[in-house]
Amino acid sequence: MPSSHLGPCLDRDHDRDRDRDQRIVAVKPITVPAPGRSVDLQVKVTAPLSGHDLPVIVFSHGNAWSMDGYGPLADRWAAAGFVVVQPTHLDSRRNGIGWDDPRFATIWRVRISDLHAVLDGLGDILRQAGGLETRVDRERIAIVGHSWGAQTVGAVLGARVLDADGVPGEDFSHPAVSAGALIAATGTGDTLTPFAAEHLPFMRPDYSTMTTPALVVAGGKDRSQLSTRGPEWFTDAYHLGPSPKSLLSIAEGEHTLGGLAGEAVAETTDEAPARVALVADAVSAYLLDALKLDHAAWAALNTTAAAGDGTWSIVGK
């Protein structure tokens, strides 16, 4: 389905939001028990100031980032009624673990363990975040990730990592998760560049087992230095994952899709605040629909896409 320009749809969203209390609060750092981890696992929690039966998003950041990044997403999701939990993974630049560090080879597994630790310890995290445990619906939990975080999230949604012989690895899925979103997710590993094959051999996802409902978000100008394929590499999670899945394609989007990690950050090559807002709002609308809380926003976004001009589009299966 083709789509319209970003502006009109987002303007209507802003009009609806004026009648909603959008005040949010953030609490950090909260330390989460994670035995065997060389650095403490810490998280940030961002939540609406009011409301009950709130759904949860656990967010996995891209390479080198931390719980302090991705404010444009976390704040917008919290304003939309989600409690957002952001762990700082071991690869955060603040930990100084480079390609040659012996710990780097297993960071992909530590990342997955981080999400499991957050999901398993969610009650205590919410209590430390100002008594949020009484305001959250623990039956409605979603996970979202960007870039490396999207591959991490994919594993928790059921995708497996293939070894050098193409044999699927262990199942890292978590029963508490009902839905997810993968933003700029790694594609299959058969076209990795020599650098990626040497340093990132785990970047070989098998999406055929990722059965959990998920939205895949991809940019039409996202060209990775890790694969010899073009932007379509970032749509593999949709095309190869079993239904139900949806795909939001943004024609002019590059890897940060307008600057998801924050305003004016160095790696943003396609700065566009409206594009960031579109991604944030599409994810929240999809998750509200998938978690059976509100079908209207996702239906409206699909209607707008069907009447549009191809600037962005949505398909589903």
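Everything in this summary refers to the structure shown in the same document. These figures come from a predicted structure and were not determined experimentally.

Rules used in this analysis
- What you see as residue numbers is a count from 1 along each chain, following the sequence as written.
- For this predicted model, a pLDDT threshold of at least 70 governs which residues receive local features, and a threshold of 80 or more governs which side-chain atom pairs are given and counted, while totals over whole chains, interfaces and linings are taken from all residues.
- As a rule here, side-chain values come from all non-hydrogen atoms in the structure, and water together with hydrogens is ignored.
- Only buried residues count toward a nonpolar core, which is a set of Ala, Val, Leu, Ile, Met, Phe, Trp, Tyr and Cys residues joined through side-chain atoms within 4.5 Å.
- Exposure is judged per residue with a 1.4 Å probe applied to protein chains only, and the accessible area is read against the type maximum: over 50% gives exposed, under 20% gives buried, and values in between give partly exposed.
- Strands are runs of DSSP state E lasting at least two residues, helices are runs of H or I lasting at least four, and both sets are numbered from the N terminus onward.
- By definition, residues are in contact when any of their heavy atoms lie within 4.5 Å.
- A helix is expected to reach a length of 1.5 Å times the quantity of its residues less one.
- A pairing counts as a salt bridge when a side-chain nitrogen of Lys or Arg comes within 4 Å of a carboxyl oxygen of Asp or Glu.
- Two strands are said to pair when DSSP picks up at least two bridges between them.
- In this analysis, axes come from line fits to C-alpha atoms, helices being fitted only over the stretch in contact, and the angle between any two N-to-C directions falls in the range 0 to 180 degrees.
- Pairing of aromatic rings covers Phe, Tyr and Trp, the last counted by its six-membered ring, and requires centre-to-centre distances within 6.5 Å; plane angles under 30 degrees mean stacked, over 60 mean edge-to-face, and any other angle means tilted.
- Here, a charge over a ring is recorded when the distance from Lys NZ or Arg CZ to the ring centre is within 6 Å and its angle to the ring normal is within 35 degrees.

Structural notes on the nonpolar core
Phase 1: Residues Val-45, Val-83, Val-85 and Leu-182 are the most contacted members of the largest nonpolar core, which totals 57 residues.
Phase 2: For this core, the element with the highest residue contribution is helix H3 (residues 107-120), accounting for seven residues.
Phase 3: Ignoring sequence-local partners within four residues, the contact set of Val-45 consists of Val-25, Ala-26, Val-27, Ile-30, Val-83, Val-84, Val-85, Ile-125, Ala-129 and Leu-132.
Phase 4: Counting residues in each nonpolar core, the second largest holds 39 residues, with Ala-142, Val-265, Ala-280 and Leu-301 among its members.

Details of H3
Phase 1: Spanning 14 residues, H3 covers 19 Å between terminal C-alpha atoms, matching the ideal 20 Å at 1.5 Å per step.
Phase 2: Most of H3 sits out of view: ten of its 14 residues are buried.
Phase 3: Those residues of H3 that sit buried are Ile-107, Trp-108, Arg-111, Ile-112, Asp-114, Leu-115, His-116, Ala-117, Val-118 and Leu-119.

A few points about the pattern of salt bridges
Phase 1: Per the stated rule, a full pass over the model turns up 15 salt bridges.
Phase 2: Taking the shortest distance from any N to any O, the salt bridge between Arg-76 and Asp-281 comes out at 2.6 Å. Of this pair, Arg-76 sits in helix H2 (residues 71-79) while Asp-281 sits in helix H8 (residues 273-290), and the two are 205 residues apart along the sequence.
Phase 3: Among the salt bridges present, the one from Glu-252 reaches Lys-221, with a minimum N-O distance of 2.7 Å. Here Glu-252, found in the loop between strand E10 (245-250) and H8, pairs with Lys-221, found in the loop between strand E9 (214-219) and helix H7 (236-240); they are 31 residues apart in sequence, far enough to count as distant.
Phase 4: Its relative accessible area of 43% is what places Lys-221 among the partly exposed residues.

With respect to the sheet that holds strand E5 (residues 136-146)
Strands belonging to one sheet form pairs held by backbone hydrogen bonds; the direction of such a pair is parallel or antiparallel.
Phase 1: Taken in spatial order, the nine strands of this open sheet run E1-E2-E4-E3-E5-E7-E9-E10-E11, and their pairing is mixed. Across the chains shown, the open sheet's two edge strands, defined by having one partner strand only, are strand E1 (24-32) and strand E11 (312-316). Within this sheet the neighbouring strands show an average axis-to-axis angle of 20°, counted without direction.
Phase 2: Looking at chain direction, strand E2 (residues 41-48) and strand E4 (residues 83-87) are connected through four bridges and run antiparallel. Directly across from Thr-46, in E4, lies its bridge partner Val-84.
Phase 3: Seen against the sheet, H2 touches E1, E2, strand E3 (54-60), E4, E5 and strand E7 (179-183) and runs at an angle of roughly 45° to E2.
Phase 4: Where H3 meets the sheet, it contacts E1, E2, E3, E4 and E5, and its direction lies at approximately 160° from that of E3.

Some remarks on the pairing of E9
Phase 1: When you tally the buried positions in E9, you get six out of six residues, the bulk of the element.
Phase 2: Because side chains alternate across E9, one face comprises the buried residues Ala-214, Val-216 and Ala-218, and the other comprises Leu-215, Val-217 and Gly-219, equally buried.
Phase 3: Relative to E9, E7 is paired through four bridges, and the arrangement is parallel. Bridging from a neighbouring strand, Ile-183 pairs with Val-217 of E9.
Phase 4: Of the pairings in the sheet, the one linking E9 to E10 comprises six bridges and is parallel in character. Residue Val-217 lies in a different strand from E10, and its bridge partner there is Leu-248.

Examining the packing of aromatic side chains
Phase 1: Applying the stated criterion across every chain yields a total of eleven aromatic pairs.
Phase 2: Both rings, one in Trp-99 and one in Phe-195, keep their centres 5.1 Å apart while their planes meet at 90°; by these two values the pair is edge-to-face. Within this pair, whereas Trp-99 is found in the loop between E4 and H3, its partner Phe-195 is found in helix H6 (residues 194-199), the two being separated by 96 residues in sequence.
Phase 3: For Phe-195, a relative accessible area of 36% translates into the label partly exposed.
Phase 4: A centroid spacing of 6.1 Å and a plane angle of 90° characterise the contact between Trp-108 and Phe-172, whose relative ring orientation is edge-to-face. In this pair, Trp-108 is assigned in helix H3 and Phe-172 in the loop between strand E6 (160-161) and E7, connecting sequence segments 64 residues apart.
Phase 5: Given the relative accessible area of 12%, Phe-172 is considered buried.
Phase 6: Members of the aromatic cluster, joined through ring pairs, are Trp-99, Phe-104, Trp-108, Trp-148, Phe-172, Phe-195 and Phe-202.
Phase 7: Sitting above the plane of the Trp-65 ring, Arg-93 keeps its charged end 5.3 Å from the centroid.
Phase 8: Across from the ring centre of Tyr-238, 5.1 Å away, lies the NZ or CZ of Lys-317, which sits over that ring.

So, H8
Phase 1: The end-to-end C-alpha distance of H8 is 26 Å, a good match for the 26 Å that 18 residues give at a rise of 1.5 Å each.
Phase 2: Most of H8 sits out of view: 15 of its 18 residues are buried.
Phase 3: After H8 finishes, the residue Lys-292 shows a positive phi value of roughly 60°.

Considering the pairing of E10
Phase 1: Across the six residues of E10, five count as buried, placing the element largely inside the fold.
Phase 2: As judged from the five bridges shared by E10 and E11, these two strands associate in the antiparallel manner. For Leu-247, the partnering residue across the bridge sits in E11 and is Val-315.

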